[in-house]
Amino acid sequence: MDSTLAIRHAVEIWREGALFFDHFKYMSSLEIDAMTFFAVPLYYLIQDWQVTLAVVYGIYSVAVIAVIFDIGRQIGVEPWASGVAASFFFVPWSAGKLSYPLMLFMGGGQYGLRVLTLFLLLDLLIQRKHGKKFGILSVLYFLLLLLTTLSAGNYIFLMGILPLMLYEAVTIIKDQKLQMKSWRKGILVCSFLLVALVLFLRPQMGEEHRSNLSLMNAEGLFTNFWNCLTGIFLLSGGAHYLSNISVFSVSGIIIAGKFLFTLISLIVVPVLLMKYRLYKKNHFFGLAASILVLNLFVLLIVDTRYGALIFEYRYHLLWFCIWLLAVAFCIYEVVDLEKGICRNQYMNHAAIGLLVFFVALSTVGGYRSLSRELEVSNYPDCEVVLQEAKKWEADSVLSCTQDMSVGAMLRFLDPDGVYYDISQNEESYDPYILDFYLNRVDRTDLGDKNLLLLREGQYETLPQYIRSRYQCIKQWDGYQLYWTENNPWDLQRGVPDNIGLQEDFPYTKGYEVVQGDINERGELMAAEGTGDILKASNLQVTEGTYSITLSYQANPNNCAGYIKIVSTETGEVLASGDLTGEQDQITLDSLEVNGPDKWEIHIGKEEEGNICIEKLQFQKLK
């Protein structure tokens, strides 16, 4: 799902030539640092998503390998050690929706460029010569930093650059020496200035939804501590949610091996770095350790559970990738026969052989797990839905299957169509929207011709005023597709922000039926008595001129009703009209709004009699 959302978001950015959109439900970032953002222009040339993504991720993989090997050259390790580091990086450590490989190499690849940005920064900070290559690396780094900061805000700075700045500060204090012309400090200062500039200009360009981390309360602090540590093992594949895996099975051996590898990486490697002062010999180790320490500190004290059972372990990914390189280079420092810590040739060869076997087994097992996950699909065949939508010339397709991903996948496959998911909570129906527009689910946007996708047995649970308009046209694999030429769905209440028309019905969420019942046509049949029969409050209104039309039916002999538009802010009646039996429609024209306001709508009866409310139409004229 995340990959389809990111791709469709990228399509919208390239189409509109803009980064910020009004009434858009963003995910955690602008996603212009996701690999899929760069795939869209290439797709328009190739017209094949599999080939396009393969090319984009292939280029990314080559870039990562090149940077890893350059880091190895700068710190003086042999090429095989850089090869081990690259092998560690490309192991599919875990499988799952937000797992290691999906965040880097598959799907949306939301963390790919963020990791590459920090790899480039580390490579720059350990460069020994400042020639042409240094200039190229600097340009690439600052371009990626600009992109990732614009997309993800201060994330890369706080979790990647700030630890390095603190490490430099500690070094200055410890050595009691400040070199003002240090190129290393210059890179970090320039990074800070660039991030500060982007963060200052970002709100001027537009606003997007952002999720904020909050500190863990005292009650859950120590639970979060252990959950955070468990999350590391979940990311590395050393822990799992299943309870029926035998320790002697292939999967069990792989999980146990990853658990042991992770444990050694977190305990033994830091001990070796401190005991043999490898951080002094190799500046890279100190930089990597500073990123690990600050990231763990932050993740230990903030609440990152969201929808995860234990911990949102993808947040470990940034420091984990960097620490994998540190582990590989530490292995070199241990087994190097000339200068290594352990110079027992047979023991070193055995350790390297075991390591190669572990990496190979983990890689094969990881890709097998990923393949099984991709083969198991709980979603309907979207191509079938698209074929039927084309056949019936549907204006929109709505999915009420509770899968909450079908609409996103359909929007990905057909960017020009209107597709949405609907969530059901008791008798309430709401649009489920991520990475798309929130204000395009009004009845006028959805059109008349509609297809409704349901699971078998769901149709009978729908309200009668919805069921009465549909007929089943297709059934397959536990799904049913229904068709209507009189779409009953209205998933957005209120007044249009821009020039245009929106419709509301008595059953539209946000309207309160004071007296009466909704009939099978979706109309409100008023009960006996007088006073309000239908009302709504807090309708957001922007500056402009509006027209409001109420469609109804009334007894021509003995019925008189009313409609009133009231300002919530001042209580002033802005417009009103009488409902009589001689007409079936009333229009309140030329409502002038000089600034943001909120409206209340009151529809009622002044006399006994029959009255039926059909719909309200709001039109913004200018």
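This text follows the structure it describes.
The rules behind these values
- Residues numbered from 1 in each chain as written.
- Predicted model: local features only at pLDDT ≥ 70, side-chain atom pairs only at ≥ 80, totals over all residues.
- Heavy atoms only, no water.
- Salt bridge = Lys/Arg side-chain N within 4 Å of Asp/Glu carboxyl O.
- Patch = residues over 30% accessible without salt bridge, like charges linked within 9 Å, V, L, I, M, F, W, Y side chains within 5 Å.
- Areas by Shrake-Rupley, 256 points an atom, 1.4 Å probe, with all protein chains shown as cover.
- Helix = DSSP H or I, 4+ residues; strand = E, 2+ residues; numbered from the N terminus.
- Pairing = 2+ DSSP bridges.
- Axes fitted to C-alpha atoms, helices over the stretch in contact; angles between N-to-C directions.
- Contact = heavy atoms within 4.5 Å.
- Phe/Tyr/Trp six-rings, centres within 6.5 Å; stacked < 30°, edge-to-face > 60°.
- Buried < 20%, exposed > 50% of the residue type's maximum accessible area, 1.4 Å probe, protein only.
- Polar contact = N/O pair within 3.5 Å; in protein donor to acceptor, adjacent residues only side chain to side chain.
- Disulfide = S-S within 2.5 Å.
- Core = buried A, V, L, I, M, F, W, Y, C linked by side-chain atoms within 4.5 Å.

Observations concerning the pattern of salt bridges
Okay, step 1: In total, this model carries 13 salt bridges according to the counting rule given.
Okay, step 2: Salt bridges sharing partners connect three or more residues here, namely Asp70, Arg73 and Lys133.

Re a nonpolar patch on the surface
Okay, step 1: A cluster of nonpolar side chains, Phe259, Leu260, Leu263, Ile264, Ile267, Val268 and Val271, forms an exposed patch at the surface whose accessible area comes to about 570 Å².
Okay, step 2: Topologically, valine 271 is positioned in helix α11 (residues 250-275).

Observations concerning the sheet that holds strand β9 (residues 471-476)
Okay, step 1: Pairing in this open sheet of six strands is mixed, and the strands run β6-β5-β4-β8-β10-β9 from one edge to the other. Single-partner strands in this sheet number two, and they are β6 (428-432) and β9. The average angle at which neighbouring strand axes cross in this sheet is 25°, direction not considered.
Okay, step 2: Across six bridges, the pairing between strand β8 (residues 450-455) and strand β10 (residues 479-484) is antiparallel. Each residue of the ladder has a partner; that of asparagine 450, found in β10, is threonine 484.
Okay, step 3: The strands that helix α17 (residues 406-413) touches are β4 (396-399), β5 (419-425) and β8; relative to β5, the one it contacts most, it runs at about 175°.

Digging into the packing of aromatic side chains
Okay, step 1: For the structure on display, the rule yields 39 aromatic pairs.
Okay, step 2: With a centroid separation of 5.2 Å and 25° between ring planes, the pair formed by phenylalanine 90 and phenylalanine 105 is classed as stacked. With phenylalanine 90 in helix α4 (residues 79-90) and phenylalanine 105 in the loop between α5 (100-104) and α6 (112-125), this residue pair connects regions lying 15 residues apart in the sequence.
Okay, step 3: Classification of phenylalanine 105 by relative accessible area gives buried; the value is 14%.
Okay, step 4: Each ring, one from phenylalanine 284 and one from phenylalanine 329, has its centre 5.6 Å from the other, and the planes form 80°; the classification is edge-to-face. A residue pair is termed long-range when its members are at least 10 positions apart, and phenylalanine 284 in helix α13 (residues 283-301) and phenylalanine 329 in helix α14 (residues 317-335) qualify at 45 residues.
Okay, step 5: Clustering of aromatic rings is evident, with ring pairs tying together Tyr60, Phe88, Phe89, Phe90, Trp93, Tyr100, Phe105, Phe119, Phe261, Trp319, Phe320 and Phe358.

A closer look at the pairing of β9
Okay, step 1: In this structure, β9 lies alongside β10, joined through five bridges in antiparallel fashion. The residue bridging cysteine 472 from the neighbouring strand is tyrosine 482, located in β10.
Okay, step 2: In this antiparallel pair of consecutive strands, β9 and β10, the connection spans two residues, and aspartate 477 shows a positive phi of 50°.

Considerations on the side chain of threonine 545
Okay, step 1: Inspection of the secondary structure puts threonine 545 in strand β16 (residues 544-554).
Okay, step 2: We classify threonine 545 as buried; its relative accessible area is 5%.
Okay, step 3: At a separation of 3.0 Å, a polar atom in the side chain of threonine 545 contacts the side chain of glutamate 592.
Okay, step 4: Once you skip the residues sitting within four places of it in the chain, threonine 545 turns out to touch Ser590, Leu591, Glu592, Gln619, Lys620, Leu621 and Lys622.

Considerations on the environment of glycine 494
Okay, step 1: Counting through the fold element by element, glycine 494 comes out in the loop between β10 and β11 (500-504).
Okay, step 2: As a C-alpha pair, glycine 494 and leucine 588 span 94 residues in sequence and 15 Å in three-dimensional space.
Okay, step 3: Once you skip the residues sitting within four places of it in the chain, glycine 494 turns out to touch Gln502, Asp504, Leu539 and Phe618.

Quick notes on the sheet that holds strand β18 (residues 573-580)
Okay, step 1: An order of β12-β15-β20-β17-β18 is seen for the five strands of this open sheet, with the pairing classed as antiparallel. Of all strands in the sheet, those bounded by a partner on one side alone are β12 (511-513) and β18. Taking the axes of each pair of neighbouring strands and ignoring which way they run, one obtains an average angle of 10° across the sheet.

Some words on the state of the cysteines
Okay, step 1: Within the structure shown, the criterion is met by zero disulfides.
Okay, step 2: Cysteine 321 takes part in no disulfide bond, and the closest cysteine sulfur to it belongs to cysteine 228, at a distance of 16 Å.
Okay, step 3: Overall, the relative accessible area of 0% leaves cysteine 321 in the buried class.

Side note on the nonpolar core
Across soluble globular proteins, you tend to see nonpolar side chains buried next to one another.
Okay, step 1: Among the nonpolar cores identified, the biggest contains 137 residues, and Phe89 and Tyr100 are the most heavily contacted of them.
Okay, step 2: With 17 residues, α14 is the single largest residue contributor to this core.
Okay, step 3: Phenylalanine 89 has contacts with Tyr60, Val64, Ile68, Tyr100, Leu104, Phe105, Val115, Phe119, Cys321 and Leu324, leaving out every residue within four places of it along the chain.
Okay, step 4: One finds Val495, Leu524, Ile548 and Trp599 within the second-largest nonpolar core, a separate group that totals 29 residues.

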